[in-house]
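So you can see what is in the structure, the chains are spelled out below.
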Amino acid sequence: MGHKLGRMTDWAKLREFLCEGRTLIEAVVYAGLPPSLPEWLEIRQKRDKFLNWLEQNGFLVVRKYGKPAEEGNFKADVDILMALDGLEVAHE
């Protein structure tokens, strides 16, 4: 639950702040996860631990497992999932 700047994000407080004065229907987190390859195991386990915590605290987590990309990165295309879900909600 750390941040690149060395600060911690309190996700429950952030959700409360963003929903203040509104009715929360669902808090969704889209997460790109590394591929199921040995070199990604440690990172994947850390992310899964965090995502499990989010689920236990009332967030809906949408996981997308990625594929290897150039220079030791991976690509999960989570932005496309978000756009499709946004279009579906807008249509409803």
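**Section: the pattern of salt bridges**
Between side chains of opposite charge, pairing is possible as soon as their charged atoms come close. One pass over the structure, following the stated rule, counts 4 salt bridges. Where Arg63 meets Asp48, a salt bridge forms, and the shortest distance between an N and an O atom there is 3.4 Å. Here Asp48 lies in helix H2 (residues 41-56) and Arg63 lies in strand S2 (residues 60-65), a separation of 15 residues in the sequence. In this structure, Asp77 and Lys75 form a salt bridge, with 3.9 Å as the shortest nitrogen-oxygen distance. Connected via shared salt-bridge partners are Asp48, Glu55 and Arg63.

**Some points on helix H1 (residues 11-19)**
Count 3.6 residues to each turn of an α-helix, and residues three or four apart come out pointing the same way. Along H1, the residues that are buried comprise Ala12, Arg15 and Cys19. Buried residues along H1 cover an arc of 60° about the axis, so they all sit on one side. Those residues of H1 that are exposed and aimed more than 90 degrees away from the buried face are Lys13, Phe17 and Leu18. Residue Asp10 occupies the N-cap position of H1, its side-chain oxygen lying 3.3 Å from the main-chain nitrogen of Ala12. Phi turns positive one or two residues past the end of H1, at Gly21, with a value near 80°.

**Regarding the pairing of strand S1 (residues 28-33)**
When S1 meets S2, the two strands line up parallel, connected through 6 bridges. Of the residues in S2, the one forming a bridge with Val29 is Val61.

**Some points on a nonpolar patch on the surface**
On the surface, Leu14, Phe17 and Leu18 cluster together into a nonpolar patch covering about 310 Å² of accessible area. Counting through the fold element by element, Phe17 comes out in helix H1.

**Some thoughts on the side chain of Arg44**
Structurally, Arg44 can be placed in helix H2. No salt bridge is formed by the buried Arg44. Its closest oppositely charged neighbour is Asp48, at 4.3 Å. Polar side-chain contacts of Arg44 include one of 2.8 Å to the backbone oxygen of Pro34. In this structure Arg44 touches Pro34, Pro35, Ser36 and Tyr65, once residues within four positions along its chain are discounted.

**A short note on H2**
Between its terminal C-alpha atoms H2 stretches 22 Å, which fits the 22 Å expected from 16 residues at 1.5 Å a residue. Within H2, the full set of buried residues consists of Arg44, Leu51 and Leu54. Summarising the axial view, the buried residues of H2 lie within an arc of 80°, below the 170-degree limit, and thus occupy one face. Residues of H2 that are exposed and point more than 90 degrees away from the buried face comprise Glu42, Lys46, Lys49 and Gln56. Buried residues along H2 sit against H1, S1 and S2.

Cut-offs applied
Residues numbered from 1 in each chain as written. Predicted model: local features only at pLDDT ≥ 70, side-chain atom pairs only at ≥ 80, totals over all residues. Heavy atoms only, no water. Salt bridge = Lys/Arg side-chain N within 4 Å of Asp/Glu carboxyl O. Helix = DSSP H or I, 4+ residues; strand = E, 2+ residues; numbered from the N terminus. Buried < 20%, exposed > 50% of the residue type's maximum accessible area, 1.4 Å probe, protein only. Arc of directions from axis to C-beta. Polar contact = N/O pair within 3.5 Å; in protein donor to acceptor, adjacent residues only side chain to side chain. Pairing = 2+ DSSP bridges. Patch = residues over 30% accessible without salt bridge, like charges linked within 9 Å, V, L, I, M, F, W, Y side chains within 5 Å. Areas by Shrake-Rupley, 256 points an atom, 1.4 Å probe, with all protein chains shown as cover. Lys, Arg positive; Asp, Glu negative; His and termini not counted. Contact = heavy atoms within 4.5 Å. Expected span 1.5 Å × (residues − 1).

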